[in-house]
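Descriptive structure summary
Each chain, written out:
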Amino acid sequence: MRERNDWILSDMIETRAEQKPDLDVLTFEHLSLDGGATPDEVRTYADLYTNAQRIAAELVRYGMQRGDRFALMMRNHPEYVEAMIAASITACVFVPIDPRTRGEKLAYMLRNAGCRGAVCADYCLAEVAGARKQVPEMGWILGLETGEGPVAVPLTSESGVDSMREVLSRPADTLDSRLENPTDPLQIIYTSGTTGDPKGGVFPNLRFGGTSMLGMVVGYRPDDRPYTGLSLTHGNAQAVTLGPALNMGLRAIFSRRFTKSKLFDVFRAHGGTVFSQLGGMATAIYSEPERPDDADNPVRMLVSAGMPRAIWEAFERRFGLEIFEWYG
């Protein structure tokens, strides 16, 4: 039997679930989603491990073998992370796809990656079900019920879509990790396709474990609460927020998607201390109307990739934080 390795996602979560089962390591906030009308979704290490085991068992039931690929297409939901961990447990490979992807571009990515199935949110079902008709090897679809968008395809056996809610309600059997080597692939992330068809980059399990060390590189502290509204289908959200949080036991905060108008309200409500942004997001945040309490927030550091020089110092003064720029 392979020895545990903390640079492997499934091993990391198994170890943390033993050490700190009740730590609320991930919070998916609802303030920016619906004003807090519905409760935040919180996951402890024990939750992540148990739910990932349930999803892993479903992947095995689908006949997924070591190295088989499946699409992962949804906004920032806790089940996204649990499906990632399930891929690591089963030695399968997940393919993150932006939930806004449509038509032939979606079908191309599914074909090119050789996806045998898809885990997706209900608001993506119509597109995924349509693309499945163009991808012969695509068999199963596991749909997450969210109530956050139109559902054009019912989650029924007749439609060929299984229910994530049902899977997560089952007793959790513990599967031993099927991963044999940390260099085995964990995910295939595609480029945006601005210079032709999207191109897939194959990232090994070892890479996720390595990027989880970025928290130490940028200077995260044990009491920090990192935040991101960037999509988990993007490498930045995984490497700068998710990975360090899971590895270091930081209590990370996620929004379904980027919010500029409620961003600092989220920080105040949840005690967010560090966050990550890319390029034009800084301009969007800075262009919001000034408020007298702009600097009255718990944020100490912004991890930035592409902060415009013209607003750098003014941004720091206005929001009372320091910028750690790592672009290039």
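Residues numbered from 1 in each chain as written. Predicted model: local features only at pLDDT ≥ 70, side-chain atom pairs only at ≥ 80, totals over all residues. Heavy atoms only, no water.

1. A closer look at the overall build of the protein chain
The criterion, for reference: Only DSSP runs of H or I with at least four residues qualify as helices, and only runs of E with at least two residues qualify as strands; both kinds are numbered from the N terminus onward. Exposure is judged per residue with a 1.4 Å probe applied to protein chains only, and the accessible area is read against the type maximum: over 50% gives exposed, under 20% gives buried, and values in between give partly exposed. Contacts: residue pairs with any heavy atoms within 4.5 Å of one another. We get accessible surface area from the Shrake-Rupley algorithm with a probe of 1.4 Å; when it comes to residues, only the shown protein chains can shield them. The charged-residue count follows a simple rule in which Lys and Arg add positive charge and Asp and Glu add negative charge, with His and chain termini not counted at all. Here the site of a charge means atom NZ of a Lys, CZ of an Arg, CG of an Asp or CD of a Glu.
Helix and strand content of the protein chain: 13 helices and 14 strands. Viewed in the frame of its principal axes, the protein chain has a C-alpha envelope of about 55 × 45 × 40 Å. Within the span of the protein chain, comprising 328 residues, buried residues form 53% of the whole. The contacts in the protein chain between residues at least 6 apart in sequence include a share of 68% that link residues at least 24 apart. Total accessible area on the protein chain is roughly 13700 Å²; 51% of this is exposed by carbon and sulfur atoms. A gap of 4 Å separates the mean positions of the 35 positive and 43 negative side-chain charges of the protein chain.

2. Quick look at the pattern of salt bridges
Note the following rule: Salt bridges are defined by distance alone: a side-chain nitrogen of Lys or Arg within 4 Å of a carboxyl oxygen of Asp or Glu.
Evaluation of the coordinates by the stated rule reveals 26 salt bridges. Between Asp 68 and Arg 116 there is a salt bridge, with its nearest N and O atoms 2.7 Å apart. Of the two residues, Asp 68 sits in the loop between α3 (45-61) and β3 (69-73) while Arg 116 sits in strand β5 (residues 115-121), which places them 48 residues apart along the sequence. Residue classification places Asp 68 among the buried positions, given a relative accessible area of 15%. One salt bridge connects Arg 291 with Asp 293, and the closest N-O pair in it is separated by 3.1 Å. Here Asp 293 falls in the partly exposed class, since its relative accessible area comes to 26%. Through salt bridges with shared partners, one network takes in Glu 58, Arg 61, Asp 162, Glu 166 and Arg 170.

3. Topic: the packing of helix α5 (residues 103-113) against helix α6 (residues 125-132)
Stated precisely, the cut-off is as follows: Note on definitions: angles span 0 to 180 degrees between N-to-C directions of axes, and those axes are lines fitted to C-alpha atoms, for helices only across the stretch in contact. Any angle between 65 and 115 degrees counts as roughly perpendicular, while under 35 counts as roughly parallel, over 145 as roughly antiparallel, and the rest as oblique. Should the near helix be turned counterclockwise from the far one by less than a right angle, the crossing is left-handed, whereas a clockwise turn marks it as right-handed. Gly is placed with the polar residues, together with every amino acid not listed as nonpolar (Ala, Val, Leu, Ile, Met, Phe, Trp, Tyr, Cys and Pro) or charged (Asp, Glu, Lys and Arg).
Following both chains from N to C, one finds α5 and α6 inclined at 60°, their axes separated by 9 Å at the closest point. Classified by the angle their axes make, α5 and α6 are oblique. α6 is crossed by α5, and the crossing has right-handed handedness. Residues Gly 103, Leu 106, Ala 107 and Leu 110 of α5 touch α6, and the partners they reach there are Glu 127, Val 128 and Ala 131. Taken together, the residues of the contact of α5 with α6 sort by class into 5 nonpolar, 1 polar and 1 charged.

4. A word on unusual backbone geometry
Even without being a glycine, Ala 91 presents a positive backbone phi close to 65°. Structurally, the position occupied by Ala 91 is in the loop between α4 (78-90) and β4 (93-96).

5. As for empty space enclosed by the protein
For clarity, the threshold we go by: Only protein atoms enter the calculation, which uses a 1 Å grid: trapped sets of points that fit a 1.4 Å probe without letting it out are cavities, open sets showing protein on both sides within 12 Å along at least five of seven lines are pockets, and any residue with an atom within 4 Å of a point is a lining residue. Grid points are joined across faces, edges and corners, and a volume is the space filled by probe spheres set on the points.
For the coordinates displayed, the defined rule picks out 1 cavity of 30 Å³ or more. Of the voids in this model, the largest cavity is the one considered here, and its volume is about 70 Å³. Around the largest cavity, the lining residues are Gln 187, Ile 189, Phe 203, Arg 207, Phe 208, Thr 211, Gly 235, Gln 238 and Ala 239. Counting residues per element, the ones that place at least two in the lining of the largest cavity are β8 (185-190), α8 (205-211) and α10 (235-248). Taken together, the residues of the lining of the largest cavity break down into 4 nonpolar, 4 polar and 1 charged.

6. A word on helix α11 (residues 263-270)
Residues spaced three or four apart along an α-helix face the same direction, because each turn holds 3.6 residues. Rule in force here: The arc under discussion is defined with respect to the helix axis, by the directions toward the C-beta atoms.
The set of residues buried in α11 consists of Leu 263, Phe 264, Val 266, Phe 267 and His 270. Within α11, the buried residues cover an arc of 150° as seen down the axis, which keeps them to one side. Downstream of α11 by one or two residues, Gly 271 has phi in the positive range, about 75°.

7. A few points about α6
For α6, every residue scored as buried is listed here: Leu 125, Val 128, Ala 129, Ala 131 and Arg 132. Burial along α6 is one-sided: seen end-on, the buried residues are contained in an arc of 165°. Residues of α6 that are buried make contact with β3, α5, β5, β6 (140-144) and β7 (161-163).

8. Here's the deal with the layout of surface pockets
Volume-wise, the largest pocket comes out at about 920 Å³. Along the walls of the largest pocket sit 36 residues, with Asp 98, Arg 100, Ser 231, Thr 233 and His 234 positioned nearest its centre. Looking at the lining of the largest pocket, the elements with two or more residues in it are α5, β8, α8 and α10. Residues that form the lining of the largest pocket fall into these classes: 17 nonpolar, 11 polar and 8 charged. Computed from the structure, the second largest pocket encloses a volume of approximately 250 Å³. Lining the second largest pocket are 16 residues, and of these Glu 41, Glu 79, Glu 145, Thr 146 and Arg 256 sit closest to its centre. Elements represented by at least two residues in the lining of the second largest pocket include exactly α2 (31-34) and α7 (164-168).

9. Focus on the packing of aromatic side chains
Put simply, the rule is: Each pair of aromatic rings taken from Phe, Tyr and Trp, with Trp reduced to its six-membered ring, is defined by centres within 6.5 Å and is described as stacked if the planes are under 30 degrees apart, edge-to-face if over 60, and tilted in the remaining cases.
Evaluated as defined, the whole model comprises 10 aromatic pairs. Aromatic side chains Tyr 62 and Trp 140 sit 4.3 Å apart centroid to centroid with 5° between the ring planes, which places their arrangement in the stacked category. With Tyr 62 in the loop between α3 and β3 and Trp 140 in strand β6, the pair connects residues that are 78 residues apart, well separated along the chain. Using a relative accessible area of 14% as the deciding quantity, one classes Tyr 62 as buried. A relative accessible area of 7% means that Trp 140 is categorised as buried. Ring centres of Phe 70 and Trp 140 lie 6.0 Å apart, and the angle between their planes is 45°; this geometry places the pair in the tilted category. Within this pair, whereas Phe 70 is found in strand β3, its partner Trp 140 is found in strand β6, the two being separated by 70 residues in sequence. No difference in accessibility class separates Phe 70 from Trp 140, as the two residues are buried. Following the ring pairs from residue to residue traces out a cluster consisting of Tyr 227, Phe 264, Phe 267, Phe 275, Tyr 286, Phe 315 and Phe 319.

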